[in-house]
Amino acid sequence: MLEIRCPYCGKRSQNEFSYGGDGNIKRPTLGEEINTKDWDDFVYFRDNPRGKHTELWHHTSGCRQWFKASRDTATHEIFATCKMNEDFNE
Amino acid sequence: MQKYSIFSLVKNALSNHKDWEVAWKDPEPKKEYDVVIVGGGGHGLATAYYLAKEHGITNVAILEKGWIGGGNVGRNTTILRSNYMFDSNSHFYEFGMKQWETLSQELNYNVMYSPRGIINLAHSDAQMNAYARRGNSMRLNGIDAVLLGRDELKKMIPFADFSDTCRFPIHGGLMQPRGGTARHDAVAWGYARQADSMGVDIIQNCEVTGFDVTDGKVSGVQTSRGSIKTKKVGLCVAGSTTLLADMLNMRLPIEAHVLQACVSEPVKPLLDHVVTFGAGHFYCSQSDKGEMVMGGDLDGYNSYAQRGNMPMIQHVLTGGLAVFPNFSRLKMLRTWGGIMDMSMDGSPIIDKTHIDGVYLNCGWCYGGFKATPCSGWVFAHTIAKNEVHELNADFNLERFHSGKIIDEKGVGPKPWIG
Ligand SMILES: Cc1cc2nc3c(=O)[nH]c(=O)nc-3n(C[C@H](O)[C@H](O)[C@H](O)COP(=O)(O)OP(=O)(O)OC[C@H]3O[C@@H](n4cnc5c(N)ncnc54)[C@H](O)[C@@H]3O)c2cc1C
Ligand SMILES: [Zn+2]
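The model shown is predicted, which means the values in this text are computed figures rather than measured ones.

J.: Where do I start with the pairing of strand 4 (residues 52-58) of chain A in this structure?
T.: For a regular strand, side-chain orientation follows a simple rule: the groups alternate between the two sheet faces. Residue and element names in this part refer to chain A. Most of strand 4 sits inside the fold, with six of its seven residues counted as buried. Both strand 3 (residues 18-22) and strand 4 contribute to a ladder of four bridges, which runs antiparallel. Residue pairing for strand 4: G21 is matched across the bridge by L56. Bridge count for strand 4 against strand 5 (residues 66-72) is seven bridges, and the pairing is antiparallel. The partner of L56 across the bridge, within strand 5, is K68.

Set out below in structure tokens:
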């Protein structure tokens, strides 16, 4: 069982959260011309490292906020979590 | 190669089983091969076998970082089926079903193919309609499909919860009678033994750590046992695909996730089919030893750990008990996990790459075991002829740019949402 520290509520059990995937993908800027290749990259292509991974989580059964986590995909150690508009304080 | 038969069994029994030939050798890697296959799972072994058998290419090495069969091919729940709706999937997997039917004879190795029938349970009228549609499209593609009513199912799985008051009453189901199971280890060993006998080198404890690429062309691989020259490399590394693609500066529409399975203590014969719960994540079959082999869904976050987490096991078994309440009395024997190469549309990728001589076989998600024979067959064709076969033409990398994705489940590019 993972223990995840929600930046708003503190440490809670994994059961309260749902996963949001790669936290590094940036949606192309709204209203700007974008070529289809960049759009496809945004939709289908992800970071998939073995090791430190920046990812999104949602405190679904808690405060319902989205936030970022830095987690090791091989050991599952969670190095840090932070609010969406913050950077990790590692 | 020694042929396995009732006579060889008797003969070797008389000499106390001391004179059996080794099933495959343990050679030192040579300096150069015509083709190098990375990954000694089911797909790598089958590819090497068909390269030798169908294309006469025998100067082939399989490089496996651990031992053959130690990856997903030895960790899966062995379900075989071709109950798909999209043509690309139907044609490909049905070609595979036909291979399963004669695989034991072809390999002279009992892969214990058991066409016991796979039943997908339906729990609402809408689901019955969807299954009728899927069954019809299967039959249009020449694949066997039978729509079952509640009363027929009561006779087949009488111990399931058929009460009216349960949360997800059983309305009926869709069955593919030729679907079933096979013995996973036997598939790996059978292909290994035949490939070896035709001259393929199976090299275990040999990890590929880099590629030699000049001017967009591959010329060799770096391994933990030295460098090996080759003009053609086929990648069959399942859950490790991204790690190797990174060495080639290839960004792929793949995420690594752990999938768990578990088995109960062995009990007397009870369940004659493969059954999947239609209202949650649970499927089950009974092994020949009597264990209930059960599985469900991904743990739900990227993972390269070949072990899972308890919440998903609990979630899956909760679903299981909703269909088969009597399973609550079973003791759990063990649980384990394997790393899945989850593609962004749930379908595989079997293609050439932007590097001359590098071929890609990945994206098998939940269902790559059943694909072992046909994946090996088309991948061998793709490597030997340097062009894709009709059967894998749609499983290209380009589809993530052309828009011709094959999203059978319709969940979108979020593999952890089952
Ligand atoms: C729990 C579970 C249940 C499943 N159930 C089913 C099912 O019921 N039906 C079904 O059809 N499919 C099922 N699957 C999926 C199926 O097992 C896989 O899709 C399939 O086995 C993948 O192909 P493979 O056999 O070649 O992979 P693997 O056996 O994983 O082979 C890949 C090999 O590559 C090796 N490798 C990796 N990196 C390197 C390197 N750098 N150098 C050298 N070697 C390397 C690995 O050690 C491994 O042996 C299941 C999977 C799991 C985990
Ligand atoms: Zn919270």
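J.: I'm lost on the sheet that holds strand 9 (residues 208-214) of chain B in this one. Help?
T.: Strands in a sheet are paired, the pairing made by backbone hydrogen bonds, and the direction either parallel or antiparallel. All names here are of chain B. The strand order 9-10-11 describes an open sheet built from three strands, whose pairing is antiparallel. Only two strands of the sheet have a single neighbouring strand rather than two, namely strand 9 and strand 11 (226-229). Between one strand axis and the next, the sheet turns by 25° as a mean value, whatever way the strands run. By the bridge criterion, six bridges tie strand 9 to strand 10 (residues 217-223) in an arrangement that is antiparallel. Bridge pairing in strand 10 links F211 to V221.

J.: Teacher, can you tell me more about the site of ligand 1 here?
T.: All names here are of chain B. Taken together, 37 residues surround ligand 1, and among them E64, N72, T77, Y366 and K370 come closest. Here an oxygen atom of ligand 1 and a backbone polar atom of I79 are 3.0 Å apart. Out of a free accessible area of 1,000 Å², ligand 1 has 95% covered by protein chains. Elements with a minimum of two residues in the shell around ligand 1: helix 2 (42-55), strand 13 (254-264) and strand 17 (332-343). A per-element tally of the shell around ligand 1 places strand 13 first, with three residues. A class-by-class count of the residues in the shell around ligand 1 yields 18 nonpolar, 14 polar and five charged.

J.: What is the right way to look at the coordination of the zinc ion (ligand 2) in this model?
T.: In an ideal tetrahedron of four donors about a metal, each angle is 109.5 degrees. In an ideal octahedron of six donors, the angles are 90 or 180 degrees. Residue and element names in this part refer to chain A. Protein coordination at the zinc ion (ligand 2) comes from C6 (SG), C9 (SG), H59 (ND1) and C63 (SG), with a distance range of 2.1 to 2.3 Å. Coordination geometry of the zinc ion (ligand 2): the four donor atoms subtend angles of 104 to 119° at the metal centre, consistent with an arrangement described as tetrahedral. Ordering the donors of the zinc ion (ligand 2) by residue number gives the pattern C-x2-C-x49-H-x3-C. In this pair, C9 sits in the loop between strand 1 (3-6) and strand 2 (10-13) while H59 sits in the loop between strand 4 and strand 5, placing the two residues 50 residues apart along the sequence. The exposure class assigned to H59 is buried, which follows from its relative accessible area of 0%.

J.: Please explain the interface of chain B and chain A as it appears in this structure.
T.: Accessible area lost on assembly of the parts is the figure often given for the size of an interface. The interface of chain B with chain A comprises 25 residues on the first partner and 24 residues on the second. At the boundary of chain B with chain A, total buried surface from both sides reaches about 2,300 Å², with 52% on carbon and sulfur atoms. If you sort the residues of chain B by the area they bury against chain A, R251, Y301 and Y304 of chain B come out on top, with a joint share of 27%. Scanning the region where chain B abuts chain A turns up two salt bridges. E255 of chain B serves as the salt-bridge partner of R46 of chain A, at 3.5 Å between the closest nitrogen and oxygen. Scanning the region where chain B abuts chain A turns up 14 residue pairs in polar contact (both at pLDDT 80 or more). For the side of chain B that touches chain A, the secondary structure elements donating two or more residues are helix 7 (241-247), strand 13, strand 16 (292-302) and helix 10 (399-402) of chain B.

J.: Can you help me understand the sheet that holds strand 1 (residues 35-38) of chain B in this one?
T.: Residues and elements named next belong to chain B. Spatially, the six strands line up as an open sheet ordered 8-2-1-12-19-18, and their pairing is mixed. Only two strands of the sheet have a single partner each, and these edge strands are strand 8 (201-203) and strand 18 (349-352). Neighbour to neighbour, the strand axes of the sheet diverge by 15° on average, direction disregarded. Alignment of strand 1 against strand 2 (residues 60-63), held across four bridges, turns out to be parallel. The residue of strand 2 that forms the bridge with V36 is A61. Contacting strand 1, strand 2, strand 8 and strand 19 (358-362), helix 2 runs over the sheet at an angle of about 175° to strand 2.

J.: Hey, could you run me through the nonpolar core in this one?
T.: A general trend in soluble globular proteins is that nonpolar side chains are found buried together. Residues and elements named next belong to chain B. Core analysis: the biggest nonpolar cluster contains 48 residues, and F92, W100 and Y191 have the highest contact counts within it. Looking at this core, the elements with two or more residues in it are strand 1, helix 2, strand 2, helix 3 (87-107), helix 6 (184-197) and helix 9 (372-385). By residue number, the principal contributor to this core is helix 2, which donates seven residues. Once residues lying within four places of it in the same chain are set aside, the contact partners of W100 are L80, V111, Y113, A182, V187, F369, K370 and P373. Membership of the second largest hydrophobic core comes to 32 residues, among which are A61, V208, I254 and I355.

J.: Sorry, what's going on with the environment of G172 of chain B here?
T.: Residues and elements named next belong to chain B. Take G172: it is sitting in strand 6 (residues 172-176). A relative accessible area of 0% places G172 in the buried class. When residues no more than four places from it in sequence are discounted, the contact partners of G172 are N120, L121, A122, M128, L148, G149, R150 and L153.

The rules behind these values
Residues numbered from 1 in each chain as written. Chains lettered and ligands numbered in written order. Predicted model: local features only at pLDDT ≥ 70, side-chain atom pairs only at ≥ 80, totals over all residues. Heavy atoms only, no water. Buried < 20%, exposed > 50% of the residue type's maximum accessible area, 1.4 Å probe, protein only. Helix = DSSP H or I, 4+ residues; strand = E, 2+ residues; numbered from the N terminus. Pairing = 2+ DSSP bridges. Axes fitted to C-alpha atoms, helices over the stretch in contact; angles between N-to-C directions. Near = heavy atom within 4 Å. Polar contact = N/O pair within 3.5 Å; in protein donor to acceptor, adjacent residues only side chain to side chain. Areas by Shrake-Rupley, 256 points an atom, 1.4 Å probe, with all protein chains shown as cover. Nonpolar A, V, L, I, M, F, W, Y, C, P; charged D, E, K, R; others polar. Donors = N, O, S within 2.8 Å, 3.2 Å for Na, K, Ca; no water. Tetrahedral: all angles 85-135°; square planar, octahedral: opposite > 155°, others 65-115°. Contact = heavy atoms within 4.5 Å. Buried area = accessible area lost by both parts, 1.4 Å probe. Salt bridge = Lys/Arg side-chain N within 4 Å of Asp/Glu carboxyl O. Core = buried A, V, L, I, M, F, W, Y, C linked by side-chain atoms within 4.5 Å.

Structural measurements only, silent on function.
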